[in-house]
Amino acid sequence: MGSGHKADKTSLASSRTHSLSHQHHPSPPASKEVWKKGGRMFSILLAVHLALLACTLVSSGAFEKIAVHDYDVFFLLTVMMLIVIVWIIFYLVSTSRSPDAILCKDSHAGPVWLRGGLILFAIFSLVMDVFKIGYYSSFYSCLSAIKIIYPIVQAIFVIVQTYFLWISAKDCVHAHLNVTRCGLMLTLTTNLAVWMSAVTDESVHKAHSKLKKNVTEEIFKWLMKAGMRTGSTEECNCNSQICQIFKNGYFWLYPFNIEYSLFASAMVYVMWKNVGRFIDHHSHHIHRLKFRLFRRTFFVGIVLGLIILVSGLGVLIVYEVRVNSSHEASKKNEALTMYYIFNIVCLGLMSLVCIGGSVIYRFDKRDMDRHKNPTRTLDVALLMGAALGQYAISYYSIVAIVASTARDTISALNLTYALLMIAQHTFQNIFIIEGLHRQPPKEDHKRDLRQKDPYGLTFVNVNAVSLRVPDSGSTVTPSALPSVEAIHPSELVQSLAGPKKMNWRRKFLREISMFLLLSNIILWIMPAFGARPQFDNDKELNFYGDSMWPAIVDICLPFGIFYRMHAVASLLEVYIMS
């Protein structure tokens, strides 16, 4: 009688275990879409044509002799933003509320730190639009009305898009598939067009201020964007103090608007990839990780990172003051020497730390995450692609320094800086990509023991060799339970001691991630807000000429600046996953 009762309990536990496993892991339903690639291809073709049209107008506006005016570019961008606003309202009101429109959500898409960064850049973008409205309103009588309408529409576009991405970034849409794909691709193309316009305007402004002493007026006209054309500036002079404040203010806020457009483009692309996608619950695990900044850390990475950050801000201020306000060559060389020394020390430390982190990963026992993840795939592609901009500038600098006959301290520092920049980007990409592909650690090891023990035993006697069943006086060996994995005492001791052995690796990886995060912030701030030795150092300018070298820097440097900010977001994810 007792053995029969024991067998019934064992079979009941086994059946419950199997039923729970089937309940929590449903198979994904079959897709109703006939040709998924066809819908994607149509939306891609739409995006390509719009992107080429926007690129043609924006690039044509950078030339003085081409009859493309600034209001032509502003008109196109305004129309594109208005269409996107209408589609987002349609999505929020109709598509997302349709029956069975959102059957599942991608837990990896739109993490909270990425959405928080998007809101931060959106706030600064709104302030930039206010400054731009104030600047153009100062002499509205001699300007086209589209110049004032454009920043107003852009402000509305930023507000609507930020709200849309905050609440819908994780959606896997299954309604209005082709319309949703085209709408997302139109949103992506609009953000890239705004980014191209902002990069062109900001690069022209920086080149105008940095190259004023070195290039001729003809080169200036080649670089001038349509919004800064000579004819319009002669007719509409910004003479008042408030007008100068608005003008300088929105130029200083351009880096935030540039990063906002790129962050939004990345999030929209992930949404586009998730249209019509079913999440496989067998392989898609939701990890609820908590961001604990001041726990489980030695504070070494935070302290060193803050030292680098504060020192870099001091170097940036001194560099800007000495290079821009002083006409003496000696002070300019001192500023360049200080800038190169700081960056050499910072890049050298970051390279060593990245190598150390990669070595620690060799001892990490966590499994690699090989599941399909569009967000991680995009992160890796952006890291590798954006690094090409800084690679190009560094290799151009190396060729110019090695091929030139002059040998001085500035050239040696510049060569070291270029070599370390290549090394640091390479080692940091390896560290970040390896961290993104690691499984997050298990927060509670008692949960593993519960999964192995279907009877809910929380406290287990290590000295007990057999597993006892509640409400039964007889002893049952682990082999008698077909659905329960046998727990050996040595395995139990190893699982309980495991967190202590693994803890030092997690702490070191957190310190490395936080140090790299803060270091990348200052390396983003310095070139984004004016510290650009590529224009102040005459070696590359004299070697490549007044037209080729500024064009190389203007094309490649925005990618290098974006790389730093994207590395910050990726390192924050690596920190939380460690």
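The name recorded for the chain in an unreviewed UniProt entry is OTOP2 protein, from Crypturellus soui. Of the chain, the UniProt comment under Sequence similarities (unreviewed entry) reads exactly: "Belongs to the otopetrin family." Under the heading Subcellular location (unreviewed entry), UniProt records this for the chain: "Cell membrane".

### Describing the overall build of the chain
Each helix and strand in the chain was counted, giving 19 helices and four strands. Across the 578 residues that make up the chain, the buried fraction comes to 50%. Pairs at least 24 residues apart make up 89% of the contacts formed inside the chain by residues separated by at least 6 positions. Of the roughly 28,000 Å² of accessible surface on the chain, a fraction of 66% belongs to carbon and sulfur atoms.

### Remarks on the side chain of Asn257
On the secondary structure map, Asn257 appears in helix α10 (residues 254–273). Residue classification places Asn257 among the buried residues on the basis of a relative accessible area of 2%. In this structure the side chain of Asn257 is engaged in a polar contact, spanning 3.4 Å, whose partner is the side chain of Ser125. With residues near it in sequence (within four places) discarded, Asn257 still touches Ser125, Met128, Gln154, Val194 and Ala198.

### Focus: the packing of aromatic side chains
In total, this model carries 25 aromatic pairs according to the counting rule given. Ring centres of Trp195 and Phe559 lie 5.8 Å apart, and the angle between their planes is 70°; on these two criteria the pair is classed as edge-to-face. With Trp195 in helix α6 (residues 177–210) and Phe559 in helix α19 (residues 548–577), the pair connects residues that are 364 residues apart, well separated along the chain. Taken together, the ring pairs connect Phe121, Phe124, Trp252, Phe256, Phe263, Trp524 and Phe529 into an aromatic cluster.

### Looking at unusual backbone geometry
For His176, which is not glycine, the phi dihedral falls at a positive 50°. Examined against the element boundaries, His176 turns out to sit in the loop between β2 (171–173) and α6.

### A closer look at the pattern of salt bridges
The final tally for this structure, using the stated rule, is three salt bridges. Of the charged contacts in the structure, one is a salt bridge between Asp171 and Lys105, with a shortest N-O distance of 2.5 Å. One end of the pair, Asp171, is in strand β2; the other, Lys105, is in strand β1 (residues 102–105), and 66 residues separate them in sequence. Judged by relative accessible area, Asp171 falls into the buried class, the value being 3%. Linking Arg322 and Glu334 is a salt bridge whose minimum nitrogen-to-oxygen distance equals 2.9 Å. Linking Arg322 in helix α11 (residues 300–325) with Glu334 in helix α12 (residues 329–362), this pair joins segments that are twelve residues apart in sequence. Among the residues examined, Arg322 registers a relative accessible area of 32% and is labelled partly exposed. We classify Glu334 as partly exposed; its relative accessible area is 44%.

### Section: the packing of helix α3 (residues 70–95) against helix α5 (residues 146–168)
Where α3 contacts α5, the two axes come as close as 9 Å, and the packing angle between them is 30°. The orientation of α3 relative to α5 falls into the category roughly parallel. The chirality of how α3 crosses α5 is left-handed.

### A closer look at empty space enclosed by the protein
One pass over the structure, following the stated rule, counts six cavities of 30 Å³ or more. In this structure, the largest cavity occupies an estimated 180 Å³ of space. As for the largest cavity, its lining consists of 19 residues, of which Leu114, Ala266, Thr375, Asp379 and His566 are closest to the centre. Counting only elements with at least two residues in the lining of the largest cavity, the list comes to α4 (112–137), α10, α13 (374–403) and α19. Residue classes in the lining of the largest cavity are distributed as 13 nonpolar, four polar and two charged. Considering the residues around the second largest cavity, the lining is formed by 17 residues, among which Gln390, Tyr417, Met421, Leu523 and Pro527 are closest to the centre. Elements that contribute at least two residues to the lining of the second largest cavity include exactly α12, α14 (409–436), α16 (489–528), α17 (533–536) and α19. Broken down by element, the lining of the second largest cavity gets its largest block of residues, four residues, from α19. Its residues assigned to classes, the lining of the second largest cavity shows ten nonpolar, five polar and two charged.

### Topic: α13
Look at α13: 44 Å from first C-alpha to last across 30 residues, which is about the 44 Å you get at 1.5 Å a residue. Helix geometry: α13 is bent most strongly at Gly389, by close to 25°.

### Notes on the side chain of Gln161
Mapped onto the elements of the fold, Gln161 is located in helix α5. What makes Gln161 buried here is its relative accessible area of 0%. Not counting the four nearest positions on each side in its chain, Gln161 is found in contact with Ile88, Thr187, Asn191, Tyr260 and Ala264.

### Topic: the nonpolar core
In this structure, Phe164, Leu165, Leu184, Phe431, Ile432, Leu516 and Trp524 are the most contacted members of the largest nonpolar core, which totals 132 residues. Ranked by residue count, the leading element in this core is α19, at 17 residues. Split by domain, this core shows at least three residues from each of two domains, domain 1 (37–224 + 238–288) and domain 2 (300–440 + 502–577). Leaving out residues up to four positions away in the same chain, Phe431 has contacts with Cys354, Gly357, Ser358, Tyr361, Leu509, Ile512, Ser513, Leu516, Leu571 and Val574.

Conventions we followed
- Residues numbered from 1 in each chain as written.
- Predicted model: local features only at pLDDT ≥ 70, side-chain atom pairs only at ≥ 80, totals over all residues.
- Heavy atoms only, no water.
- UniProt positions renumbered as here; feature names shortened; annotations may be inferred.
- Helix = DSSP H or I, 4+ residues; strand = E, 2+ residues; numbered from the N terminus.
- Buried < 20%, exposed > 50% of the residue type's maximum accessible area, 1.4 Å probe, protein only.
- Contact = heavy atoms within 4.5 Å.
- Areas by Shrake-Rupley, 256 points an atom, 1.4 Å probe, with all protein chains shown as cover.
- Polar contact = N/O pair within 3.5 Å; in protein donor to acceptor, adjacent residues only side chain to side chain.
- Phe/Tyr/Trp six-rings, centres within 6.5 Å; stacked < 30°, edge-to-face > 60°.
- Salt bridge = Lys/Arg side-chain N within 4 Å of Asp/Glu carboxyl O.
- Axes fitted to C-alpha atoms, helices over the stretch in contact; angles between N-to-C directions.
- Parallel < 35°, antiparallel > 145°, perpendicular 65-115°, else oblique.
- Left-handed = near helix turned anticlockwise from the far one by under 90°.
- 1 Å grid on protein atoms, 1.4 Å probe; cavity = no way out; pocket = protein on both sides within 12 Å on 5 of 7 lines; lining within 4 Å.
- Points joined across faces, edges and corners; volume = space filled by probe spheres on them.
- Nonpolar A, V, L, I, M, F, W, Y, C, P; charged D, E, K, R; others polar.
- Expected span 1.5 Å × (residues − 1).
- Bend = angle between axes of the 7 residues up to and from the residue.
- Core = buried A, V, L, I, M, F, W, Y, C linked by side-chain atoms within 4.5 Å.
- Domains from an automatic or database assignment.

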